[in-house]
Amino acid sequence: MTELQPQSYVDADGKRLFVPVRIAVLTVSDTRSFDDDKSGNTLVERLTEAGHMLAARAIVKDEIDAIRAQVKTWIDDPAIDVVLSTGGTGVTGRDVTPEAFEGIFEKSIPGFGELFRMLSYQKIGTSTIQSRCTAGVTRGTYLFALPGSPGACRDAWDMILKDQLDYRHKPCNFVELFPRLREHERRGGGK
């Protein structure tokens with residue numbers, strides 16, 4: 001995980017500096033390949049333009065076991081801080097990403113999905129109710145399951161994640177919490 005030493009990321013005037021985060025991008029789809037993965041490409045473009053590092057990228061089928069296996073592999077990798085997935089968050093029979101993610105969360109972040117749908121409502125109206133995007137954290141890794149459209153990925157990044165994955169964002173952000181995400185394990189209360 002990102003080793004965040006607060007004194008290392010503050011300039012001489014006491015202002016916070018940017019901390020690059022290592023992000024893996026997972027596309028959940030029965031039909032996409034890297035050649036036509038517009039949503040995955042959108043996330044890669046956004047995160048690298050913001051100064052973060054693409055740590056890994058994969059495409060898996062809409063199957064709970066396949067999704068969980070890939071996400072767990074990345075959770076176990078100390079070179080990955082955040083997993084962004086795209087796809088499989090709707091309500092059809094093949095949409096199983098939320099079930100896959102929620103089955104491995106130590107803690108959910110319900111506000112992420114709530115905020116995403118509130119912001120999305122302003123663009124697509126009541127159609128946003130069909131999104132079951134979700135977020136949580138497991139063993140110090142943030143996990144975000146986004147819808148499968150490029151527009152939804154842009155909205156999630158531009159309106160939520162860009163700020164929450166920026167150490168400079170005030171009053172608070174996800175990056176500054178990295179050193180504390182696993183404190184329960186040190187106290188013996190981990191899963």
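The sections below set out a description of the structure shown in this document.

## Comments concerning the nonpolar core
In terms of nonpolar packing, the biggest core is built from 31 residues, with Val82, Leu84, Phe112, Tyr142 and Phe144 touching the most fellow members. Elements with a minimum of two residues in this core: β1 (22–28), α1 (38–49), β3 (82–86), α4 (110–124), β5 (134–138), β6 (141–146) and α5 (150–164). If you tally residues by element for this core, the top one is α5, at six residues. When near neighbours in sequence (up to four residues on either side) are disregarded, Leu84 contacts Ile23, Ala24, Val25, Leu26, Leu43, Leu47, Phe144, Trp157 and Leu161. Counting 19 residues, the second-largest nonpolar core is a separate cluster that includes Ala56, Ile67, Ile80 and Ile104.

## Quick word on the sheet that holds β1
Read across the open sheet, the six strands follow the order β2-β1-β3-β6-β5-β4; overall the sheet is mixed. Edge strands, defined here as strands with exactly one partner in the open sheet, are β2 (53–60) and β4 (107–108). Here five bridges tie β3 to β6, and the two strands are oriented parallel to one another. Across the sheet, the residue bridging to Leu84 is Phe144, located in β6. Packed on one face of the sheet, α5 meets β1, β3 and β6 and runs near 135° to β6.

## Quick word on α4
Between its first and last C-alpha atoms α4 spans 21 Å; for 15 residues at 1.5 Å apiece the expected length is 21 Å, and the two agree. Looking at the buried residues of α4, the elements they touch are β5, β6 and α5. Gly125 sits one or two positions beyond α4 and adopts a positive phi of about 65°.

## Here we look at helix α2 (residues 64–76)
Helix length check: α2 (13 residues) gives 18 Å between terminal C-alpha atoms against 18 Å at 1.5 Å per residue, within 8%. If you check which residues of α2 are buried, you get Ile67, Gln70, Val71, Trp74 and Ile75. Axial view of α2: buried residues confined to an arc of 140°, hence all on one face. Of the exposed residues in α2, the ones pointing more than 90 degrees away from its buried face are Asp65 and Asp76.

## Notes on the packing of aromatic side chains
In total, this model carries seven aromatic pairs according to the counting rule given. With a centroid separation of 6.2 Å and an interplanar angle of 70°, the aromatic rings of Tyr9 and Tyr167 are classed as edge-to-face. With Tyr9 in the segment before β1 and Tyr167 in the loop between α5 and α6 (183–186), the pair connects residues that are 158 residues apart, well separated along the chain. According to the relative accessible area criterion, Tyr167 is buried, its value standing at 4%. Between Phe144 and Phe174 the ring centres are 5.8 Å apart and the planes differ by 50°, which places this aromatic pair in the tilted class. Of the two residues, Phe144 sits in strand β6 while Phe174 sits in the loop between α5 and α6, which places them 30 residues apart along the sequence.

## What to know about the packing of α4 against α5
The geometry of α4 relative to α5 is characterised by a closest axis approach of 10 Å and an angle of 115° between their N-to-C directions. Where α4 crosses over α5, the two elements pack in a sense that is right-handed. The residues of α5 that touch α4, namely those facing Phe112, Leu115, Phe116, Leu119 and Lys123, are Ala152, Asp155, Ala156, Met159, Ile160 and Leu161.

Procedures and definitions
Counting of residues starts from 1 at the beginning of each chain's written sequence and follows it residue by residue. In keeping with the predicted nature of the model, local features appear solely for residues at pLDDT of at least 70, side-chain atom pairs appear and are counted solely at 80 or more, and the whole-chain, interface and lining totals rest on all residues. Neither water nor hydrogens contribute to the side-chain values; these are computed over all heavy atoms in the structure. We define the nonpolar core as a collection of buried residues of types Ala, Val, Leu, Ile, Met, Phe, Trp, Tyr and Cys that are connected through side-chain atoms lying within 4.5 Å of one another. The cut-offs for exposure are 20% and 50% of the maximum accessible area for each residue type, with area from a 1.4 Å probe on protein chains only; residues under the lower value are buried, those over the upper are exposed, and the others partly exposed. A helix here means a DSSP run of H or I that spans at least four residues, while a strand means a run of E at least two residues long, and both kinds are numbered starting from the N terminus. Contact definition: two residues touch when any of their heavy atoms are within 4.5 Å. Here the rule is simple: two strands pair whenever DSSP picks up at least two bridges between them. Angles run from 0 to 180 degrees between N-to-C directions of axes, and those axes are lines fitted to C-alpha atoms, restricted for helices to the stretch in contact. In this scheme, a helix's expected span is set at 1.5 Å multiplied by one less than its residue total. To be clear, the arc concerns the directions from the helix axis to the C-beta atoms. Pairing of aromatic side chains here covers Phe, Tyr and the six-membered ring of Trp, requires ring centres within 6.5 Å, and sorts the geometry by plane angle: under 30 degrees stacked, over 60 edge-to-face, intermediate tilted. The handedness criterion is simple: a crossing whose near helix is rotated anticlockwise from the far helix by less than a right angle is left-handed, and one whose near helix is rotated clockwise is right-handed.

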